[in-house]
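Examination of the molecular architecture
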Amino acid sequence: MLELKRVKGMGRLWLFIVVCACGMLSYARAPWNYYLNKPDDWFKSDKGKQILENILTWQDDNGVWPKNEDTDIMAFTADRKELRGTFDNEATTGEMRMLARGYTVLGDERYKTAFLKGLDLILKAQYPNGGWPQYYPLRKGYYTRITFNDQCMVRLMNMMDEVAKSDTYSFVDAKRRADAKAAFDKGVDCVLKCQIRVNGKLKVWCAQHDEVDFSPRPARSYELASLSGGESAGILRLLMSLDNPSPQVVQAIQAGVAWYKQSEIHGLAIRWVDGKLTAVPDPNGKPLWGRFCEIETDRAFFCDRDGIPKYDYNLIDQERSTGYAWYGRWGDDVYKDYEKWQRRWGHLLVSPGAKVLMIIGDSTVCEYPESDRRAGWGQFIQGYFTDDVKVLNHAKSGRSTKTFLNQGLWTKALATKPAWVLIQFGHNDSHDLSKPEATNAATDFADNLRKYIADSRAAGAEPILITPMYRRKFEANGTLEENLKPYAEAMKKVAVELKVPIVDLHTASGELYLKLGPEKTAELANAPEDRTHFNRKGAEMMAELVMQQLPGAVPSLKANLKKASDKSI
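Residues numbered from 1 in each chain as written. Predicted model: local features only at pLDDT ≥ 70, side-chain atom pairs only at ≥ 80, totals over all residues. Heavy atoms only, no water.

Description of the confidence of the model for the protein chain
How we decide: Residue-level confidence of the predictor is summarised by pLDDT, bounded by 0 at the bottom and 100 at the top. Throughout, a contact is declared for two residues whenever any of their heavy atoms are within 4.5 Å.
Averaged over the protein chain, the pLDDT score is 91; the fraction of residues at 70 or greater is 93%. Counting interchain partners and residues more than four positions distant, the pLDDT-below-50 stretch residues 1-28 has 75 contacts.

Written out as structure tokens, the structure is:
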């Protein structure tokens, strides 16, 4: 990446260049997040106040701020007619967040007035179809397009969402907050309409779209209409942040992520060679994505200022190769957010005709990202079933039978309309009774289990209880600590009382741990001192123990088994 940075010193503006791996040149921008993370006392300081005062001077008469200017460092002192605000290149939203925080801390009405002026212009600038241009009042040229370039639309939508929901903006009147919510909702609708479809297949987005018919459009001579590997990442991440995504949003996300997977570029790196950024072979390099890709073929291309597409990065002039982000790692963030999104909204991805096997429980059961050393056994049982069964793991770390109910997690999980519900709790229920998650094994723990069972049956699902596995804590005489036994026994009594299938993971895990001994069981942990949670090896062992018993306990699942669970452990 080639980044152009502005550094103040000795009363002059110095310009210098820093080169990074992906060939992108950009202007330094004020570190708004750095400021916004400061405590209130910083905003009360002379430095904090001076930055707020500087910001005020840069707001143009329409209510917005210019791009590529250090609006935090120095006051604007030139002719105000020269000021031309925009939404492009991260302009305006950072300044507005600073003024909102400044007003909240200092109560200076000038900050509130300036913020509201900016907000009003953003609301006014939005097209009836939900899109935003780069400038308002409108400027002729590509500036009128619905602008995703440099995350313009995404930033404005995030700003509207914050104004509508965040307590930071409680000073904004109810009507404006309602208008902000409506603007955000219209923005989502516009995003969905702009997603490019080729031969009936949804792909991703262009950096700018027509403000009337939503078609992909070019901008500068080297910015042709294309599929954007850069801008589309921010759009997808925005869609993945939505609560209760509609079927249209789910479809858009699925299609967008699929495009990133099929458009990965492997075996390539961008490095300096003889004074020029050059694409060189790198068989061990991480995947890259093209900033501009052909709409029909998904093939990355590059342009000089003549607007002629080239398909070899090394054929473009040095001015353009070092002046633009032609390659990037944008898909990495898409994949990370998609992993989280799947865990949260996986029930929306069930194939037509498939039955849902739902899991509820705690940290010994739940799913973890690949980057986490921990693992839960619920991550590993999908592979035992055919595609006719979709495993949805709603287990959540730190929850007990009580908190899973009280926090609304059970209601959300049951809305997936499962055919079967696997229920394992006990580890957090067994905490000291002074803790909010704790329950008494014989009373409220058992009552909570009864509710899960009754609710499951009322929803048409078959509940299955799974007793909590032992903690891997050994007594001095070589036996296992029994603090979870009362919860396992209570679960067994409820199973008999209500005629519920049960998997006795407590007994099975205890037998396994005694067989392995203290040293070998430590190899199942995510950390040597952790005697509760598992690494991948330990979680897979627990999944195997569950699956050794589950088909016998629940005969209705046998027809959907893909592989036997007879591995000796």
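So that's the structure; there's more coming.
A short note on the packing of helix 4 (residues 93-106) against helix 6 (residues 152-165)
For the record, the criterion: Angles run from 0 to 180 degrees between N-to-C directions of axes, and those axes are lines fitted to C-alpha atoms, restricted for helices to the stretch in contact. The numbering of helices and of strands both runs from the N terminus, where a helix is a DSSP run of H or I of at least 4 residues and a strand a run of E of at least 2. Orientation is classified from the angle alone, with under 35 degrees giving roughly parallel, over 145 giving roughly antiparallel, 65 to 115 giving roughly perpendicular, and any other angle giving oblique. Crossing handedness is defined as follows: a turn of the near helix away from the far one that is anticlockwise and smaller than a right angle gives a left-handed crossing, while the clockwise case is right-handed. Residues are grouped as follows: nonpolar covers Ala, Val, Leu, Ile, Met, Phe, Trp, Tyr, Cys and Pro; charged covers Asp, Glu, Lys and Arg; every other residue, Gly included, is treated as polar.
In the contact formed by helix 4 and helix 6, the axes pass within 10 Å of each other and the chain directions differ by 20°. Of the possible angle classes, the one that applies to helix 4 and helix 6 is roughly parallel. In this structure, helix 4 meets helix 6 at a crossing whose hand is left-handed. Between helix 4 and helix 6, the contacting residues are Thr-93, Met-96 and Arg-97 on the first element and Arg-155, Leu-156, Asn-158, Met-159 and Glu-162 on the second. Here the contact of helix 4 with helix 6 is composed, by residue class, of three nonpolar, two polar and three charged.

A look at helix 17 (residues 536-553)
Applied cut-off: Expected span of a helix: the number of residues minus one, times 1.5 Å. For the exposure calls, accessible area comes from a 1.4 Å probe over protein chains only, and a residue counts as buried if that area is under 20% of its type's maximum, exposed if over 50%, partly exposed in between. We call two N or O atoms a polar contact when they sit within 3.5 Å, provided that within protein one can donate a hydrogen and the other can accept it, with sequence-adjacent residues counted only if both atoms are side-chain atoms.
Taking 1.5 Å of rise per residue, the 18 residues of helix 17 would be expected to cover 26 Å, and the 25 Å separating its terminal C-alpha atoms lies within 8% of that figure. Regarding helix 17, the residues found buried are Gly-538, Ala-539, Met-541, Met-542, Ala-543, Glu-544, Leu-545, Val-546, Met-547, Leu-550 and Pro-551. Each element contacted by the buried residues of helix 17 is listed here: strand 15 (420-423), strand 16 (462-466), strand 17 (502-503) and helix 16 (505-521). Between the side-chain oxygen at the start of helix 17 and the backbone nitrogen of Lys-537 there is a gap of 3.2 Å, and the oxygen is on Asn-535.

Description of helix 7 (residues 174-194)
Under the convention used in this document: The arc in question is the one traced by the directions running from the helix axis out to the C-beta atoms.
Over its 21 residues, helix 7 runs 30 Å from end to end, which matches the ideal 30 Å to within 8%, given 1.5 Å per residue. Looking at helix 7, one finds that the buried residues are Arg-177, Ala-180, Ala-183, Phe-184, Gly-187, Val-188, Cys-190, Val-191 and Cys-194. Each buried residue of helix 7 sits inside an arc of 165° when the element is viewed along its axis, so together they form one side. Opposite the packed face of helix 7, turned more than 90 degrees from it, sit the exposed residues Ala-174 and Lys-175. The secondary structure elements touched by the buried residues of helix 7 are helix 5 (109-125), strand 3 (146-147), helix 6, strand 6 (208-209), helix 8 (231-240) and helix 9 (247-262).

Concerning the nonpolar core
We count it as follows: Residues belong to a common nonpolar core when they are buried Ala, Val, Leu, Ile, Met, Phe, Trp, Tyr or Cys residues joined through side-chain atoms within 4.5 Å.
Residues Met-98, Phe-115, Trp-132 and Met-160 are the most contacted members of the largest nonpolar core, which totals 99 residues. Looking at which element gives the most residues to this core, the answer is helix 5, with nine residues. Residues within four places of Met-98 in sequence aside, it is in contact with Trp-32, Tyr-35, Leu-36, Trp-42, Phe-43, Ile-51, Leu-52 and Ile-55. In this structure, Phe-380, Ile-381, Leu-505 and Met-542 belong to the second largest nonpolar core, which totals 38 residues.

Considering the pattern of salt bridges
How we decide: Salt-bridge detection follows one rule: a side-chain nitrogen of Lys or Arg within 4 Å of a carboxyl oxygen of Asp or Glu.
Applying the stated criterion to the full structure yields 35 salt bridges. Across the salt bridge formed by Lys-537 and Glu-523, the nearest N and O atoms sit 3.5 Å from each other. In this pair, Lys-537 is assigned in helix 17 and Glu-523 in the loop between helix 16 and helix 17, connecting sequence segments 14 residues apart. By relative accessible area, Glu-523 is classed as partly exposed at 36%.

Quick notes on the state of the cysteines
Rules: By convention in this document, the label disulfide applies to cysteine sulfur atom pairs within 2.5 Å.
Throughout the structure, instances matching the rule amount to zero disulfides. Distance from the sulfur of Cys-206, which forms no disulfide, to the nearest cysteine sulfur (Cys-194) is 9.5 Å.

What about the sheet that holds strand 15?
Rules: We treat two strands as partners when DSSP finds at least two bridges between them.
Taken in spatial order, the five strands make up an open sheet running 14-13-15-16-17, and their pairing is parallel. Of all the strands in the sheet, just strand 14 (389-393) and strand 17 have a single pairing partner and so form its edges. As paired strands, strand 16 and strand 17 are joined by two bridges and run parallel to one another. The residue bridging Leu-465 from the neighbouring strand is Ile-502, located in strand 17. Each of strand 15, strand 16 and strand 17 touches helix 15 (residues 485-498); the most contacted strand, strand 16, lies at about 150° to it.

Some words on the packing of aromatic side chains
Worth spelling out the cut-off: Aromatic contacts are taken between Phe, Tyr and Trp rings whose centres are within 6.5 Å, Trp giving its six-membered ring; a plane angle under 30 degrees counts as stacked, one over 60 as edge-to-face, and the others as tilted.
As enumerated under the stated definition, the model contains 28 aromatic pairs in all. Taking 5.3 Å as the distance between ring centres and 90° as the angle between the ring planes, the aromatic pair formed by Tyr-135 and Tyr-143 counts as edge-to-face. Residue Tyr-135 shares its accessibility class with Tyr-143, and that shared class is buried. A centroid spacing of 5.8 Å and a plane angle of 20° characterise the contact between Phe-292 and Tyr-324, whose relative ring orientation is stacked.

Re the pairing of strand 8 (residues 276-281)
Within strand 8, five of the six residues are buried, leaving the element largely enclosed by the surrounding structure. Where strand 7 (residues 268-273) folds back onto strand 8 in an antiparallel hairpin, the turn is made up of two residues, including Asp-274, whose phi is positive at roughly 55°.

Notes on the pairing of strand 13 (residues 355-360)
Taking burial as the measure, the six residues of strand 13 include five buried ones, the bulk of the element. Two strands pair when backbone bridges link them, and strand 13 and strand 14 are joined in this way by five bridges, in the parallel orientation. In the strand pairing of strand 14, Ile-359 is matched with Asn-393. Across four bridges, strand 13 lies against strand 15 in parallel orientation. Following the sheet pairing, Ile-360 is matched in strand 15 by Ile-423.

Remarks on the packing of helix 9 against helix 11 (residues 330-345)
In contact at an axis separation of 10 Å, helix 9 and helix 11 are set at 140° when each is read in the N-to-C sense. Classified by the interaxial angle, the pair formed by helix 9 and helix 11 is oblique. Crossing of helix 9 over helix 11 shows left-handed handedness. Residues Val-250, Ile-253, Gln-254, Val-257, Tyr-260 and Lys-261 of helix 9 lie in contact with helix 11, whose contacting residues are Gly-331, Val-334, Tyr-335, Tyr-338 and Trp-341. Of the residues belonging to the contact of helix 9 with helix 11, the class tally is eight nonpolar, two polar and one charged.

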